[in-house]
Amino acid sequence: MRGTGLVGDTWRRITGAERQHLAALAIPLALILLIALNLLAGLTLTSYRLDLTEDRLFTLSDGTRETLQAIEEPLDLRFYYTDRLDEVGPYFATYAQRLEELLEAYERLSGGMVRVDRLDPEPFSPEEDLAVAEGLQGLPLGEDGTQAYFGLSGRNTTDDLEVIPYLAPERADFIEYDLTRLVYDLANPEKPVVAVLGDLPIMGSQSNQWQAWLVLDAMFQFFEVRFLGGSHARIDDDVDVLMLAQPKKLDAPSLYAIDQFVMRGGPVFAALDPVAEAMDATVNPFAGTEDPIATLEPLLAAWGVQMPAGEWVGDARTAQRVQAQVRGRTTVVPYLPWLTLDQDRLADDDPVTAELERIAVASAAPVGAADGATTVFQPLITTSPEAMTLEASLLQGPPDPERLLRRFAPRGEPFVLAARVSGPVSSAFKDGPPEGADPGLAEDHRNEAERPLNLILIGDTDFLADESWVRRQSIAGQEVVLPVAHNADFAVNALDHLAGSQALIELRGRGLSVRPFEVVDAMEQEAQLRFRAKEQELLQRIDAAAEEIRALQEQEQSGGVILTAEQQEEIDTFRAEMIRLRQELREVQRSLREEVETLAFWIRLANIWAIPILIGLIALGLAIWRRTRRASPAAAG
């Protein structure tokens, strides 16, 4: 029988007033229990996380875990954060808290090999002196010149220093890549080896008095650079990245060497151009069999990439404007081969291009995924939709912008000019090594790649030349080089990213921490489609009425004739019409916002009241259910 036993007898002896006292006491006890559970969880469950974000923003990737677990010597990191930045608002405070939790996870997953020291560099403190000495970037706090710091430094046992001068919240999507890259560089302090194979005159040529291109300065700063020339029958095992720079004509042993380098898991950065304008004038870029795209076609096909030989992309929207003779007159027209691609044409979810603002290319080739490819094709640089491909032969002889414009008929879809290609690949030499192949390579022939392909391919080489991305000016008698595009940064970023471990290569942007309101955006677009045409019509009618008034007033001022009563009445009529039209315009513009504001109201209502109301309804339902259960035995008795 329900209600029997010691507990049931005791509960029946408690009076109604005593029950009310117990219920009142239960509320503070429940709060105390909730606080105690939170404190206990904070102390004992720090290593556990539940990440419910769509892009897994707060879950460390397998690549980071692999990098941390491979550390063989202790690394000391200093996390600098001026606490006064909290006063600025949640912009810094929230991001700093996320970074602290992330660094705690790095310490934990590395088994103590990563050691983090948190410093608050207050003005004129020893910590500030240390931050300045390690190269951190100061942030002005006020007009008195005091500065705050928000950055990270790291040292290994040989005292190599790596620094992130400013942990910009704008780069939050790539913070895991930045931190893991810093840790990897400290754990592997030797410069990566980049082998350059091709005929591009990066070291200079007769046409520029044998001056090395400026991009080499950046490459020498970060890498050990080796030049292999135009052909090479073997690529050494210690090469970290192979850079293909316009190899005009490669024999079969050289193609086989490249193929087997990829089969051994070697990454490749390839710059191939149908019309290499920066090549030495003595080199004929139109010799058919010397087209690097045609030369490398067997390898490109094996890598799942297609590039039409002898074609380049013209883009009317991004084309640079030049002076040219058009029908006997000097005018400014777009020159279709020379393109300047701004940030909206660069992939914002890839570390190679995410922080770049502008890339300039010349007569670049389109790149695309081959049918049936086993690899993944991810665009990095694209044109606008106002683009089409044209024949390389059109660029022979003196530049003729007008002739190109006459041939131009945009396709209406963008072209990819640079891409990342990754995934499993097989050898282009499935029948075995070719005649003349290096004996060592031939003996250890591989038909399948040991690791997924890691290729960054751009259909242009002119972007590396100084003329494409820098301008030289003479200031106070000194020649100053001013970058006008981030071409060198793109090349160095690509090489640097490929030179990392396989774990680093897999790290990319983790998605946006601030996500758009997709439903709201869609409603705004729909409302604009419905009301914008009416708005434009009203604006045109208002402009027409204003023009009529202006014409009548000018007639009075210029002719010295006083307007007649009828003309004045006409002006008043136009003014009344303008007022009416403006009222109608305001109504249309209000309609543009009405639906969005209604949705925003319901979203706020749901966020503020839905959960409390739901909890209240659940509590009410439980109370009714309990009363019903207690009443049932009494009714039965």
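Shown above is the structure to which this text applies.
Since this is a predicted model, take the numbers as computed values, not measurements.

Further remarks concern the packing of aromatic side chains. Using the criterion set out here, one finds ten aromatic pairs in the structure. Between Tyr 256 and Phe 429, the ring centres sit 5.3 Å apart and the planes meet at 85 degrees, which makes this aromatic pair edge-to-face. One end of the pair, Tyr 256, is in helix H8 (residues 252-263); the other, Phe 429, is in the loop between strand E18 (416-423) and helix H12 (439-443), and 173 residues separate them in sequence. Here Tyr 256 and Phe 429 have matching classes, each one buried. Between Phe 269 and Phe 490, the aromatic rings sit 6.2 Å apart at their centres with planes inclined by 65 degrees, giving edge-to-face as the arrangement. Here Phe 269, found in strand E9 (residues 268-271), pairs with Phe 490, found in helix H14 (residues 487-499); they are 221 residues apart in sequence, far enough to count as distant. Overall, Phe 490 belongs to the buried group, its relative accessible area being 0%.

Taken N-terminus to C-terminus, the directions of helix H6 (residues 175-187) and H14 make an angle of 65 degrees; their axes are 12 Å apart at the nearest point. Here H14 runs roughly perpendicular to H6, going by the angle between their axes. Crossing hand, H6 versus H14: left-handed. Contact residues: Tyr 177, Arg 181 and Tyr 184 in H6; Asp 496, His 497 and Ala 499 in H14.

This paragraph deals with the pattern of salt bridges. When the charged atoms of two side chains with opposite charge come close together, those side chains can pair. Per the counting criterion, the structure on display carries 21 salt bridges. Ionic pairing is found between Asp 236 and Arg 226, a salt bridge with its closest N-O pair at 3.8 Å. In this pair, Asp 236 sits in the loop between strand E7 (224-229) and strand E8 (241-245) while Arg 226 sits in strand E7, placing the two residues ten residues apart along the sequence. For Asp 236, a relative accessible area of 41% translates into the label partly exposed. Residue classification places Arg 226 among the partly exposed positions, given a relative accessible area of 23%.

Contact pair helix H4 (residues 90-109) / H6: the axes reach a minimum separation of 12 Å and the direction vectors enclose 40 degrees. With respect to H6, the element H4 is oriented oblique. Judged by the twist between their axes, the crossing of H4 over H6 is right-handed. Touching Tyr 95, Arg 98, Leu 99, Leu 102, Leu 103 and Tyr 106 of H4 are Ile 175, Glu 176, Leu 179, Thr 180 and Val 183, all from H6. When grouped by side-chain class, the residues that make up the contact of H4 with H6 number eight nonpolar, one polar and two charged.

Strand order in the open sheet made by the seven strands is E7-E6-E8-E9-E19-E18-E16, with mixed pairing throughout. Only two strands of the sheet have a single partner each, and these edge strands are E7 and strand E16 (376-382). Neighbour-to-neighbour, the strand axes of the sheet open up by a mean angle of 20 degrees, direction not taken into account. Examined bridge by bridge, strand E6 (residues 193-197) and E8 share four bridges and lie parallel to one another. Paired with Ala 195 across the two strands is Leu 242, which belongs to E8.

About the thresholds
- Residues numbered from 1 in each chain as written.
- Predicted model: local features only at pLDDT ≥ 70, side-chain atom pairs only at ≥ 80, totals over all residues.
- Heavy atoms only, no water.
- Phe/Tyr/Trp six-rings, centres within 6.5 Å; stacked < 30°, edge-to-face > 60°.
- Helix = DSSP H or I, 4+ residues; strand = E, 2+ residues; numbered from the N terminus.
- Buried < 20%, exposed > 50% of the residue type's maximum accessible area, 1.4 Å probe, protein only.
- Axes fitted to C-alpha atoms, helices over the stretch in contact; angles between N-to-C directions.
- Parallel < 35°, antiparallel > 145°, perpendicular 65-115°, else oblique.
- Left-handed = near helix turned anticlockwise from the far one by under 90°.
- Contact = heavy atoms within 4.5 Å.
- Salt bridge = Lys/Arg side-chain N within 4 Å of Asp/Glu carboxyl O.
- Nonpolar A, V, L, I, M, F, W, Y, C, P; charged D, E, K, R; others polar.
- Pairing = 2+ DSSP bridges.

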